[in-house]
Amino acid sequence: MPLTPDSELDLLFPASLISSELKAQLHPDLHIRPLASTDYRRGHLHVLSVLTIVTDPGEAAWVHQYHAMRSAPSTYYTVVIINRSTDMIVGVGSVFIERKFLRGLGSVGHIEDIAVDKDQQGKKLGLRIIQALTYISENYGCYKTILNCNDSNIPFYEKCGFKKKENEMAKYAPERQNSPLRL
Ligand SMILES: CC(C)(COP(=O)(O)OP(=O)(O)OC[C@H]1O[C@@H](n2cnc3c(N)ncnc32)[C@H](O)[C@@H]1OP(=O)(O)O)[C@@H](O)C(=O)NCCC(=O)NCCS
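Only a predicted model underlies this, so the values are computations on that prediction, with no experimental measurement involved. (Residues numbered from 1 in each chain as written. Predicted model: local features only at pLDDT ≥ 70, side-chain atom pairs only at ≥ 80, totals over all residues.)

Observations concerning helix α3 (residues 59-70)
- The terminal C-alpha atoms of α3 lie 16 Å apart, and with 12 residues this matches the ideal 16 Å at 1.5 Å per residue to within 8%.
- Within α3, only 1 of the 12 residues are buried, which leaves it mostly out in the open. (Helix = DSSP H or I, 4+ residues; strand = E, 2+ residues; numbered from the N terminus. Expected span 1.5 Å × (residues − 1). Buried ≥ 20, exposed ≤ 12 C-beta atoms within 10 Å, placed from the backbone.)

A few points about the nonpolar core
- The biggest cluster of nonpolar side chains holds 27 residues, and the ones touching the most others in it are Val79, Val80, Ile81, Ile129, Ala132 and Leu133.
- Mapped by element, the contributors of at least two residues to this core are β2 (76-83), β3 (88-99), β4 (107-116) and α5 (125-140).
- Once residues within four sequence positions are removed from consideration, Ile81 is found in contact with Leu30, Ile32, Val90, Gly91, Leu125, Arg128 and Ile129. (Core = buried A, V, L, I, M, F, W, Y, C linked by C-beta atoms within 7 Å. Contact = placed C-beta atoms within 7 Å.)

Thoughts on the pairing of β3
- Of the pairings in the sheet, the one linking β2 to β3 comprises 8 bridges and is antiparallel in character. Along β3, the bridge assignment pairs Asn83 with Met88.
- A loop of 4 residues connects β2 with β3, the two strands running antiparallel in sequence, and Asp87 in this loop sits at a positive phi of about 65 degrees.
- One ladder, built from 8 bridges, connects β3 with β4; its direction is antiparallel. The residue of β4 that forms the bridge with Glu98 is Val108. (Pairing = 2+ DSSP bridges.)

Observations concerning unusual backbone geometry
- Even without a glycine there, the phi angle at Leu105 is positive, about 60 degrees.
- Mapping Leu105 onto the fold places it in helix α4 (residues 102-105).

Okay, here's the thing in C-alpha cells:
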C-alpha cells in the first residue's frame, strides 16, 4: 500500500512543526510526519516493541489515548518515520513539553520512547527522529531537552549532541488490583 498523504490523515500536531531541512535529509523512500489517528494499523506498537514489552490495548483504546493526547494543547509531540512503499511505520519518538514556574515560566522538552525497526537500525533514522524532536522542543521555546537512557545508548545520544548530566531515580508503583483513579 503506497504512502497515505498527510492531507488525508488526522495528525497529532501540524506537520509544519517538523523541520523541512530535516525532511529533505531523509532517504527518498521514507517520510517523517506527526503520529496519525490511524497509525495503530501502521505498526506503531510493533515498532515500539524493540524498546520494551508492549501490551496491545486494542485499537479502540489506542485511538482513545491518541485523542486524549491531542486534546492537551502544545504538550504531546510524537513523530513517525514511514516507509513510503508499504505505508508502515519504521521509526518513532516523542517529546512532551513540561511547563514550569521556574526559569521565568520556562519549559523543558522530555524525549521519550525512541524506537527504530530492527531492519532499519544503523541508517540514521534514530538520529533524524532525535533531531526532529529537539527542533520541536527548541522551537517551542524549551530552554533544555532531556531524556533517560541505559548505558549502552549513551554513545548514540552523544552522536545526537546530548551530554550526560546527573542521575535518574525511579520508584515503580506496586501492582494494583483496581484501575487507577484518573483525575
Ligand atoms: C537506539 C536507536 C534508537 C538508534 O537508532 P538508529 O537509527 O539505529 O541509529 P542511527 O543510525 O541514527 O545512529 C546515529 C549514530 O549513532 C551511532 N549509534 C547508534 N546506536 C549506537 C549504540 N548503541 N552504540 C554506539 N553508537 C551507536 C551510529 O553508529 C551512528 O553513528 P555515526 O553517525 O558515526 O555513523 C535504535 O538502535 C533502537 O531503536 N534501539 C532499540 C530501542 C532503544 O534502545 N531505544 C532507545 C531508548 S533510550
